[in-house]
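# Coordinates in review
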Amino acid sequence: MWQRLASVTDPELDESVTDLGFVEHVTVDDDGDVDIVFRLPTYWCSANFAFLMADDMRRAVSSLPWVRKARPQLRDHMVAEQINLGVREGRSFADSLKEFAPGGSLDELRDKFRRKAFERRQEVMILALRGLGYEDPAICRMNLGSFDEVEFTSAEVARQKPRYRDLLIETGLACLPEDRAFVAYEGGPIKRYELVSYLQRLRGVRINMEFNSSLCRGLLAVRNREPVDGKAEPTRSPCGGCGSCAVPSGGQ
């Protein structure tokens, strides 16, 4: 069950909700009902992101054959009640929070963040292949079969390799051993003379996601009043806002 939850990512960060520390605890009863309690970094985290994570948790855990019902429960969030009720009853985001979804479906948002995840993982793999001595033309021509044979010594690159491959298959961009392993998200080939500028754009995607990830981790640590990077416990803000009114821990 924890492995299934670990497959759910924050859509903006492409990092596991378990690695990010969002999941607080899980309980399973004798009937196979699962309750998943999670909390996000702030009270005002984006409602659509929160709904996506809750719904993805429900789907991931419900896919286990012994689970009768999965009930994600978001807590300490401005619209937690609406999200929890909507996900529990199988409603769409539009029906659950009409004022937050003027366009209706979240499919477009899901695709936007799937693209960001794909491009971030792809940059990791291309840079790692360069590090192993592969020339740009060889990378652009590499097929999925050859990519599968490459062994990486870096733990992070080895972790990202199957994650990148999974997205290639999920999006239908590559399935067969002879399919290209590196293509643009729209499906077109990446040409050798375009690779430098292409990687510059992917770098921007990565920097944005890494910044947001660091921000989220810091906010979550402050919310949970945990030490950050071994430093003393952060001060707290009585209003729960920007911190300008922060007082020392234990203050009145």
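Report follows, based on the coordinates. As the structure is a computational prediction, the values presented were derived from the model and not from experiment.

It is worth spelling out the nonpolar core at this point. Soluble, globular proteins show a tendency: their nonpolar side chains are buried together. Core analysis: the largest hydrophobic core is formed by 37 residues, its most contacted members being Leu 40, Met 57 and Ile 83. If you list the elements that add at least two residues to this core, you get β4 (33-38), α2 (47-62), β5 (69-74), α3 (80-88), α5 (107-131) and α9 (195-223). When residues of this core are assigned to their parent elements, the largest contribution, ten residues, is made by α2. Not counting the four nearest positions on each side in its chain, Leu 40 is found in contact with Phe 22, Cys 45, Ala 50, Met 53, Leu 74, His 77, Leu 220 and Arg 223.

Moving on to the pattern of salt bridges. A side chain with one charge may pair with a side chain of the opposite charge, provided their charged atoms come close. The final tally for this structure, using the stated rule, is 25 salt bridges. Across the salt bridge formed by Arg 68 and Asp 33, the nearest N and O atoms sit 2.6 Å from each other. You can see Arg 68 sitting in the loop between α2 and β5 and its partner Asp 33 sitting in strand β4, a full 35 residues away along the chain. Look at Arg 68 and you get exposed, because its relative accessible area is 57%. Arg 206 serves as the salt-bridge partner of Glu 123, at 2.6 Å between the closest nitrogen and oxygen. Note that Glu 123 is positioned in helix α5 and Arg 206 in helix α9, a separation of 83 residues in sequence. Taken together, the shared-partner salt bridges in this structure form one network comprising Asp 55, Asp 56, Arg 58, Arg 59 and Arg 110.

Now for the sheet that holds strand β3 (residues 23-28). Overall, mixed pairing links the three strands, which are arranged β3-β4-β5 in an open sheet. Edge positions in the sheet fall to β3 and β5, since each of these pairs with one other strand and no more. Averaged over all pairs of adjacent strands, the angle between strand axes in this sheet comes to 15°, irrespective of strand direction. Strand direction decides the pairing type here: β4 and β5, joined by six bridges, are parallel. Paired with Ile 36 across the strands is Pro 72, a residue of β5. Along the sheet, α2 contacts β3, β4 and β5; its crossing angle with β5, the most-contacted strand, is approximately 155°.

Criteria and thresholds
- Residues numbered from 1 in each chain as written.
- Predicted model: local features only at pLDDT ≥ 70, side-chain atom pairs only at ≥ 80, totals over all residues.
- Heavy atoms only, no water.
- Core = buried A, V, L, I, M, F, W, Y, C linked by side-chain atoms within 4.5 Å.
- Buried < 20%, exposed > 50% of the residue type's maximum accessible area, 1.4 Å probe, protein only.
- Helix = DSSP H or I, 4+ residues; strand = E, 2+ residues; numbered from the N terminus.
- Contact = heavy atoms within 4.5 Å.
- Salt bridge = Lys/Arg side-chain N within 4 Å of Asp/Glu carboxyl O.
- Pairing = 2+ DSSP bridges.
- Axes fitted to C-alpha atoms, helices over the stretch in contact; angles between N-to-C directions.

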